[in-house]
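Notes for the structure review
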Amino acid sequence: MEAAAAAGAVLAWLGVSLLSLADARRGLALGLVTTALGLALAAAASGRQPSAAAALAAGGAAGSLLRLRDGEPGWGLMRPGSTPRLVAALLVFLAAVLLVGAGLGVPTGVARLGAIAVALLALLRLLTVERRSPALGSGAALALGLGALGGGTGLMAAAVAAVALGTLSGAEAPGPGR
Amino acid sequence: MTALRAWFRDPRPGWWLLLAGAAGAAMTLLCLLGRPPGTLLLPPPSRVLLAFSAPAVALMVWLAPRGDRLERLCAGLVGLGSQAVLASVPDLLAVAVLLVPVGFAVAARPGRRSLSARVRGPALAAALLGLGWALLRSPGPAWLGRLGALGVALGLVAVGGLVPYLQEVEDGEPAETSYLAWTGFLAPALALVLPFRLLQGHLLTPDEGMVVGAVLVGLGALNLAWGAVGAWRTASLAEAWRDSFLVDWGFALIGLGLFERDGLAAAYLAMLAVLGVRTPLALLARTAPAAGTSPRPLALVLVVLLAGAAPFSGFPVRLLVLRAATELAWPLAIPLLMAMALAAAHALRLARALGSPRGRDAIGLAVVLAVSLVLGLVPGILRGLGGI
Amino acid sequence: MSLAAMLVPPALLAAAAILSWSLGHTGVGAGRVVCAPAAWLAAGVEAVAWWWGGRVPLELSLPFGLAGAPLGVKLDSSIFALQMITLLALALLFTFQPRDPGRAALASLVGGVALGTLAASSLSLTAFGLSVCSGLVWTALAWDERTEVGATWGALSLAWVLLLWAAVVLEVVGGTSVYSAVPVTALQAPVFLLLAAAALLCAGALPWRTWVSLVWRRARPASGSLAVAVLVPLGFSLLLRAYALGAGQWPGGWLHPLLAGLGAATALAAAGRAQAAGSVRAVRAEAVPLGAGLTLLGLALGTPLGVAAAVLSLGGLGLVAGLVPLLPEGGLVASLGDALAFGAPPALVFGGWLLCVQAALEAGPVTGLMGLVGVFAWSVGLAAVARATWLPAPAARSGSPVGLAVGAGLLLAAGVGLGGLASLVAAPVASDLAPPGSHGAAVSYLGGGAVGVTVPSGSWPAGALGGAVAIVGVVLLAIVGLLRRPGREPIRPLSGVEGEPARARRSVSALEVKPLIEPPWRDLRDRLATRLRGLRVPSQYRSLVRPNAVAAAATRGRPWFWALVTLALALVVTR
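Residues numbered from 1 in each chain as written. Chains lettered and ligands numbered in written order. Predicted model: local features only at pLDDT ≥ 70, side-chain atom pairs only at ≥ 80, totals over all residues. Heavy atoms only, no water.

The tally for this structure, following the rule as stated, stands at 13 aromatic pairs over all chains. Plain terms: the ring middles of W138 of chain C and W153 of chain C are 5.3 Å apart, the flat faces sit at 45 degrees to each other, and that makes the pair tilted. Separated by 15 residues along the polypeptide, W138 of chain C in helix α5 (residues 123-144) and W153 of chain C in helix α6 (residues 149-174) bring together distant segments of the chain. We classify W138 of chain C as buried; its relative accessible area is 2%. Between W560 of chain C and F561 of chain C the ring centres are 6.0 Å apart and the planes differ by 85 degrees, which places this aromatic pair in the edge-to-face class. A residue is classified by how much of its surface remains accessible, and W560 of chain C, at 53% relative accessible area, is exposed. Ring pairs connect the aromatic residues F315 of chain B together with F128 and W160 of chain C, which therefore count as one cluster. The residue whose ring lies beneath R233 of chain B is W232 of chain B, and the NZ or CZ to ring-centre distance is 5.3 Å. (Phe/Tyr/Trp six-rings, centres within 6.5 Å; stacked < 30°, edge-to-face > 60°. Helix = DSSP H or I, 4+ residues; strand = E, 2+ residues; numbered from the N terminus. Buried < 20%, exposed > 50% of the residue type's maximum accessible area, 1.4 Å probe, protein only. Lys NZ or Arg CZ within 6 Å of the ring centre and 35° of its normal.)

Attention shifts here to the confidence of the model for chain B. Taken residue by residue, chain B gives an average pLDDT of 86. The fraction at 70 or more is 94%. The ipTM, which scores confidence in the relative placement of chains, is 0.92 for this predicted complex, and the corresponding pTM is 0.89. (pLDDT = per-residue confidence, 0-100.)

Turning to the interface of chain B and chain C, a few remarks are in order. Each side of the interface is counted separately: chain B has 50 residues, and chain C has 42 residues. Our count for the contact surface shared by chain B and chain C stands at one salt bridge. Taken together, the links from chain B to chain C amount to six residue pairs in polar contact (both at pLDDT 80 or more). Of all the elements in the fold, those that place two or more residues in the side of chain B that touches chain C are α6 (115-137), α7 (142-159), α9 (206-233), α10 (237-258), α12 (297-306), α13 (314-328), α14 (333-354) and α15 (360-377) of chain B. Looking at the side of chain B that touches chain C, its residues break down into 36 nonpolar, five polar and nine charged. (Contact = heavy atoms within 4.5 Å. Salt bridge = Lys/Arg side-chain N within 4 Å of Asp/Glu carboxyl O. Polar contact = N/O pair within 3.5 Å; in protein donor to acceptor, adjacent residues only side chain to side chain. Nonpolar A, V, L, I, M, F, W, Y, C, P; charged D, E, K, R; others polar.)

What follows concerns the side chain of S244 of chain B. Residue and element names in this part refer to chain B. When you line up the elements, S244 lands in helix α10. A polar contact is formed between the side chain of S244 and the backbone oxygen of W241, at a distance of 2.5 Å. Only 3.2 Å separates the side chain of S244 from the side chain of R278, close enough to count as a polar contact. When neighbours within four sequence positions are excluded, S244 is seen to be in contact with A231, R278, H346 and L350.

What follows covers the pairing of strand β2 (residues 69-75) of chain C. All names here are of chain C. Counting buried positions along β2 gives six out of seven residues, so the element sits mostly inside the fold. The pairing of strand β1 (residues 58-66) with β2 spans six bridges and is classified as antiparallel. Its bridge partner lying in β2, L60 is registered against V73. Hairpin connection of β1 to β2: two residues between the antiparallel strands, including A67 at a positive phi of 55 degrees. (Pairing = 2+ DSSP bridges.)

Here R72 of chain B lies in helix α4 (residues 69-88). Not counting residues within four places of it along the chain, the set of residues in contact with R72 of chain B comprises M60, V61, A64 and E176 of chain B.

The next point concerns the nonpolar core. With 390 residues, the main nonpolar core has L142 of chain A, F104, W241 and L281 of chain B together with L231, F236 and L239 of chain C as its most contacted residues. Considering every element that reaches this core, the biggest residue donor is helix α11 (residues 261-287) of chain B, with 17 residues. Setting aside anything within four residues of it in sequence, one finds L142 of chain A in contact with A119, A122, L123 and L126 of chain A together with V100, A123 and A127 of chain B. (Core = buried A, V, L, I, M, F, W, Y, C linked by side-chain atoms within 4.5 Å.)

Further remarks concern the packing of helix α4 (residues 101-118) of chain C against helix α9 (residues 222-245) of chain C. Residues and elements named next belong to chain C. Where α4 meets α9, the closest approach of the two axes is 10 Å, and the angle between their N-to-C directions is 5 degrees. Taken as axis vectors, α4 and α9 run roughly parallel relative to one another. Listed contacts from α9 to A107, V110, A114, T117 and L118 of α4 are L226, V230, P233, L234, S237 and R241. Across the contact of α4 with α9, the residue classes break down as eight nonpolar, two polar and one charged. (Axes fitted to C-alpha atoms, helices over the stretch in contact; angles between N-to-C directions. Parallel < 35°, antiparallel > 145°, perpendicular 65-115°, else oblique.)

To continue, consider α13 of chain B. Taking 1.5 Å of rise per residue, 15 residues should cover 21 Å, and α13 of chain B covers 21 Å from first to last C-alpha, within 8% of that figure. With 13 of 15 residues buried, α13 of chain B is to be regarded as a mostly interior element. (Expected span 1.5 Å × (residues − 1).)

Below, the structure written as structure tokens:
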């Protein structure tokens, strides 16, 4: 179970890192679905309700599919100026390890590591991004990460949030009314 | 029916906004009824707050230009529903999660600033709240608990858009996408429900409680000072109005942070005053014509209201928070008194901005004055309704 | 009957306010017709009900609160005296000062609230009432004109805020702020100082130019006179309450000479400003501050005689607040009215001030010196009145002859009947608040019966002497009036801007009416303010800290600022 939780945490971290490095719809969608799957795996392995974990995965997947509707086409990975984001991904992981600390020895702690890393990195992306579609993707990831820190209610709420954010359009509006 | 239809004449808002408005109304009703049982639990103070929010929404619709009223109504219902849900969900982590889509929903409305700029505040608030809550409940060293406590306290401050997490204020920004949406409408719901959630089941250790209290009191005092001086001295009138909210919030944060009954009561009344009085006044100020004529008595009475003097809503808040602060440590009362005295300075300025309302604006103003009088004269009844 | 005395007068004024406002909305301009009789009736009901009720104190507590404070009212001798002072002043103003229905309604409401505040049974309720009163007074002031409203608003706001804190401290320390229930030990010096500060701000009894002087210099005096009539007695009521809270004395013996000295300084400063004033209106604006200073001197002595003298002096102040706005700007009658307001015999002002000085002389050597300072200030005030006959009038205001006659008549009658007033009104207040047993030295009361005044240092027949002077004065006035023909009265030239050197009315060349005493610190405040405004940071100065940049970052929603602050707080908390 600990291995599964660790795998889930790492997968979630990889997903959110991909999301933070992507600027176009495919990269965002893939990042988001990877994050959701990783978090769901970690949550299930740490003893949370499997139905809630499955809901989280489903919500994240639905949100990522909806993300493919609009936004910049393509992957948009590792564009110029994305080096700080890459560094941030590593630093956030270290920070999450620091916060979880001795709890890393148990599946719950490992799952928490993944969730904290996802939440922190998604937040950092959200605070620095200017464009709409990456902001929506980061928001969904933030919701997933925060939800994964809680119990069944948190997981369900995260799933709902991810889907709700997916329904918002990622197309840039013209002029001041953006 | 014809008149009603004429009132809601074209252009119609998008079907999605109509659906969202209906969903908001449904969520409000479900939260009030407490359905499903055990999932949604609206505490009594939040019920009263919701009752005060409805007139604010009604005023926003009333003041809207004719073609925008249905859209404003739908947006207002979404806001009401969001407020109800945020106050009803017992799990604070779930609240933090739900803050994210609510923040995006508010930010997605047409406005001057970009969506990403507008969503930063709520997103940070959600992250602080969620991470803080998670750290509070997870095992670990004492410093981790204190960090969690800090996160929760800062989350509340951030969701209100208060110092040091102030949002940019732009002149001409629509009300529903400006600071009013959070500072003046959604955040008060969270402010009232947070102490209940924190104190339920004695979650906080003394150390963590001290951190929450100290942060809230410290930032409350900072907001009080910033608001009192800023509302008086800042060049922009829109910022002056936003800073005036900081004064009410400052009292509320200090009241919450003192963890005294009188302090909680002060915070409760302050949030009611924000929703029932200050937000409607800020909405009225947006539509008021430039003041040029000699002041009418109604406008002059506004100065007294905005300064927090009796018999209006500010007086019981000041009395209660002073009492709570003096009970704990009398030096705490000194910044409160300075802010109370300084509030008189910005009241003149803000009241002038409201000008001399006429017609429907004057009716709206009279209603706000009446609400403020109720809050100021019989706070005991409202406290009884809220169970504080 | 005491209940009627307690409840009916404020109810009458409130009802008059509603009626006047309603009539005004229907286009009937009957504000004065409604409010003036209501004020006189309220005064009559109060007096009759109090006396007929046997002058029995009464306290009424209600089971619910008001604005978070316990709701209760009380009536005793001191509250009766203060309410009568307020009502008489208001009655004069409502009757003889023109007001439109809206303003009349507001003034009547102010009066009703002031009466209720005087009758409040707890300090927190008094703070509430003072806050309401201040707000309504400010509204009345700003409705008339915009000048001097800011300073007034600031002073009154500070007053009620300080009073609120004093009430809160009493509630925390003593468990309650209800006057009759506060333990004597709860009134410590810090609380008293808060209360005293609020009282002095409210009454304008401070050595510098306060709102009381400022509002009476305005072009439209109606709302300013209302403010003075209502708030000055309210301010002094707080100090009277302090005696009740402290069982006859203020906490700390040093507080008595401190406030007595402050009173003397206030009187002296007011007299100094009056004798240097540039217009008649500016001279008159100092009448109440001068009287407030002497009243404070008497009240702060801590003796029964001092308290009684202060009550009488306050009565004179109240009537002055009602009389002075009705005076014309120029002429013999104006000068006589000014003289009465500044303590010329045989008016109530004279009697009250004389008793305050006597009380100071009898209370001890230090206070005796203060009493002499008070006498000096009084003399300077009268000299200022004499000088004012040479000053120009800022505007041709005719005043109200009938109002003047009524007001002056009341002042003179009260002065002639000083003995009766002292026995029936002032002495009971003194015996309630400062009984002789509460003092080390046995200082006997003020006495004398109906025709004279007796104090330990001697007696003087106020009735006989004052009556004779009044009769002689009236006869002289009548003779002068018969001899005076239209056109012989020298017309006072109108002056321009306040603050210009006063030009004498008979000047042919540029002759200035100089102040009698030119204090070197006269323009000190203005000079200091100018110097402070001119302070600048040297252009060569460079700072590492840029507060503007920090403020801009804070208000622009910069994420780096948020992250920095959060990180800093996290580091502090996790230590």
